Amino acid sequence: MGNQSCIAAILAAGTLPTGGYTFACFFSTRLFHPFRMKIGAIELPSVMHAGREVGLVVAPMAGVTDRPFRMLCRRLGAHHAVSEMVTSKRELWNSLKTSRRADHAGEPGPVAVQIAGVDPAEMADAARYNVDRGAQIVDINMGCPAKKVCNVWAGSALMRDEALAARIVDAVVAACAPRGVPVTLKMRTGWCARTRNALAIARRAQDAGIALLTVHGRTREQGYGGSAEHDTVAALKAALAVPVVANGDIDSPEQAAAVLAHTRADAVMIGRAALGRPWIFGDVAHFLATGTHRAPPAVDEVRRWLLEHLQDHYALYGEHTGVRSARKHIGWALRGLPGGEAFRQRINAIETPDAQWRAVGDWFAELAAVHHRLPAPGADAANDDTLVKRA
């Protein structure tokens, strides 16, 4: 029986010919995914929404999306995660910061590493360096608006020089192709409102062999101000053959569904909204698949996830740095919870991982004694949105 006849028979019968699985279950398994997103030859998990498969991606955020955080997000529903950006400067590869960012021990594949720089040869070397250390996908950063990055013409500043951007893409693709490693590109809509040149750069990148494009719906000039627009993403999706990912201000299941409907993008990328709430990926997947919201997580579950994350965090950063860098993750987890601000002040005074870990566990155990499920965010916010830039 041909594929179309088989599908027609299943539609008519409501069950698989072999029995045992419902029609809905059949279409939710790997047996039939006509629109599943791929990055090169790498097939990613996905969720069925509005008749097509879509993906949920963790945005690369400097100082945030290290290996422990990426693994936590993927465990809680994200389909793919991209690392913090790694410099292309060879003299910095052996620095402690870069070595931590390039540490993928125990991370399930596919491992995606973002690289940043301005010199095509250096970017090609950086791609090979990271592939040698486990990268299975290499992402080029043309989206970071930070001044310290743009001042050296890296990140989104590359969008001001389309010729240089093209040479970098060519060099990185050429370095990765012999190793069978696909290359992706993250960028903004343009440098400013007058030069929204994402489509021109994207077409050139696709011709060069880029396997996937992610677009943050702001210009470099906007920084993180105003609102993201996704008309540019929709235009890229209509014009390109490679998968396109929408990024910017996607902070709820409803917003994810709206952006997917407007752009027809293959995936959405979520950044800031995952801080302290990494289960948002599972929430979005549930909403996209069913059209309904699932219940908030139990406080005991949140406690367990956070304590596991902290252990992984300490293991990567060591005691001295780990206890300090963990404070931001704890603060995000406390945001909006009753008594969270006062406890955050206590956490910031603790100097050892063991004491910090025990204090967090005790605090969430006390919260669980009062609230079975995580309370909705209230006015008592532990942090405001300025703690991290929006991805």
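Look up a bit, the structure's there.
Visitor: What exactly am I supposed to notice about the overall build of the chain here?
Guide: In terms of helices and strands, the chain carries 14 helices and eleven strands. Out of the 391 residues belonging to the chain, those deemed buried represent 55%. Of the contacts made within the chain by residues no fewer than 6 positions apart, 69% connect residues no fewer than 24 positions apart. Approximately 16700 Å² of the chain is accessible, and the part contributed by carbon and sulfur atoms is 54%.

Visitor: Would you take a moment to explain the side chain of Glu 107 for this structure?
Guide: Mapped onto the fold, Glu 107 is located in the loop between helix H4 (96-101) and strand E6 (112-116). Judged by relative accessible area, which is 11%, Glu 107 ranks as buried. Within the structure, the side chain of Glu 107 is placed 2.9 Å from the side chain of Arg 70, a separation counted as a polar contact. Beyond its immediate sequence surroundings of up to four residues, Glu 107 is in contact with Arg 67, Arg 70, Met 71 and Arg 74.

Visitor: Can you help me understand the pattern of salt bridges in this one?
Guide: A side chain of one charge can pair with a side chain of the opposite charge when the charged atoms of the two come close. With the rule as written, the count across this model stands at 15 salt bridges. Between Asp 125 and Arg 128 there is a salt bridge whose closest N-O contact spans 2.7 Å. Note that Asp 125 and Arg 128 are positioned in helix H5 (residues 120-132) at a spacing of three residues, about one turn of the helix. In this structure, Arg 218 engages Asp 249 in a salt bridge whose closest nitrogen and oxygen atoms are separated by 2.9 Å. Linking Arg 218 in the loop between strand E9 (212-216) and helix H9 (231-239) with Asp 249 in the loop between strand E10 (244-247) and helix H10 (253-263), this pair joins segments that are 31 residues apart in sequence. The exposure class of Arg 218 is buried, given its relative accessible area of 0%. Among the ionic contacts, a cluster of salt bridges with common partners joins Arg 75, Arg 304 and Glu 308.

Visitor: Would you mind going over the environment of Thr 184 with me for this structure?
Guide: Relative to the assigned elements, Thr 184 resides in strand E8 (residues 183-188). On the basis of relative accessible area, Thr 184 is assigned to the buried category, the value being 5%. For the pair Thr 184 and Ala 211, spaced 27 residues apart in sequence, the C-alpha separation works out to 5.5 Å. Those residues in contact with Thr 184 that lie beyond four places of it in its chain are Ile 39, Ile 137, Val 138, Asp 139, Ile 140, Ile 210 and Leu 212.

Visitor: Looking at this structure, how should I read the packing of helix H3 (residues 67-75) against helix H12 (residues 299-334)?
Guide: Axis separation between H3 and H12 bottoms out at 9 Å; the angle between their running directions is 170 degrees. Taken together, the axis directions place H3 and H12 in an arrangement best described as roughly antiparallel. Crossing of H3 over H12 shows left-handed handedness. Contacts between H3 and H12 involve Arg 67, Pro 68, Phe 69, Leu 72 and Arg 75 from the first element and Trp 305, Glu 308, His 309, Asp 312, His 313, Leu 316 and His 329 from the second. Taken together, the residues of the contact of H3 with H12 sort by class into five nonpolar, three polar and four charged.

Visitor: So what exactly am I meant to see when it comes to H10 here?
Guide: Residues lying three or four places apart along an α-helix face the same way, a consequence of the helix completing one turn every 3.6 residues. Looking at H10, one finds that the buried residues are Pro 253, Ala 256, Ala 257, Val 259, Leu 260 and Thr 263. Along the long axis of H10, the arc covered by the buried residues comes to 165 degrees, so they all point the same way. Taken together, the buried residues of H10 touch strand E3 (47-49), strand E4 (52-58), H9, E10, strand E11 (267-270) and helix H11 (280-290). Looking one or two places after H10, you find Arg 264, whose phi comes out positive at around 60 degrees.

Visitor: How should helix H14 (residues 353-370) be read in this particular structure?
Guide: With 18 residues, H14 extends 26 Å from end C-alpha to end C-alpha; this agrees with the ideal 26 Å at 1.5 Å per step. Among the residues of H14, those classed as buried are Pro 353, Gln 356, Ala 359, Val 360, Gly 361, Trp 363, Phe 364, Leu 367 and Ala 368. Looking at the buried positions of H14, the neighbouring elements they touch are H12 and helix H13 (340-347).

Visitor: Mind showing me how you'd approach unusual backbone geometry here?
Guide: It is generally the case that most residues other than glycine have a negative phi and that most peptide bonds are trans. A cis amide bond links Gly 109 to the next residue, Pro 110, at an omega of -5 degrees. For Pro 110, the position within the fold is in the loop between H4 and E6. One non-glycine residue, Ala 50, lies in the positive phi region at around 55 degrees. With respect to the secondary-structure elements, Ala 50 resides in the loop between E3 and E4. The backbone of Arg 264 sits at a positive phi, close to 60 degrees, despite the residue not being glycine. When its relative accessible area of 44% is taken as the criterion, Arg 264 is described as partly exposed.

Basis of the calculations
- Within any chain, residue numbers begin from 1 and follow the written order of that chain's sequence.
- The model is predicted, so local features are restricted to residues of pLDDT at least 70 and side-chain atom pairs to those at 80 or more, both for listing and for counting; the totals for chains, interfaces and linings are taken over all residues.
- Where side-chain values are given, they derive from all heavy atoms of the structure, hydrogens and water being excluded.
- Elements are defined by DSSP. Helices are runs of H or I of four residues or more, strands are runs of E of two residues or more, and each kind is numbered from the N terminus.
- Three labels apply to residues, based on accessible area from a 1.4 Å probe with only protein chains included: buried if under 20% of the type maximum, exposed if over 50%, partly exposed otherwise in between.
- Throughout, a residue-residue contact means that at least one pair of heavy atoms, one from each residue, lies within 4.5 Å.
- The Shrake-Rupley method, run with a 1.4 Å probe sphere, supplies the accessible areas, and residue values consider only the shown protein chains as cover.
- N or O atoms within 3.5 Å of each other form a polar contact, as long as, within protein, one can give a hydrogen and the other can take it, and as long as residues adjacent in sequence are counted only when both atoms are side-chain atoms.
- Salt bridges are identified by distance alone: a Lys or Arg side-chain nitrogen within 4 Å of an Asp or Glu carboxyl oxygen.
- Helix axes are fitted only over the stretch in contact, all axes being lines through C-alpha atoms; the angle between N-to-C directions runs from 0 to 180 degrees.
- Should an angle lie under 35 degrees it is considered roughly parallel, over 145 roughly antiparallel, and from 65 to 115 roughly perpendicular; all remaining angles are considered oblique.
- Crossing chirality is assigned from the near helix's rotation relative to the far helix, an anticlockwise turn below a right angle marking it left-handed and a clockwise turn marking it right-handed.
- Note on residue categories: nonpolar means Ala, Val, Leu, Ile, Met, Phe, Trp, Tyr, Cys or Pro, charged means Asp, Glu, Lys or Arg, and polar means any other residue, Gly included.
- As used here, the arc belongs to the directions running from the helix axis to the C-beta atoms.
- What a helix should span is 1.5 Å times the count of its residues minus one.

By themselves, these are just geometric observations and shouldn't be taken as functional.
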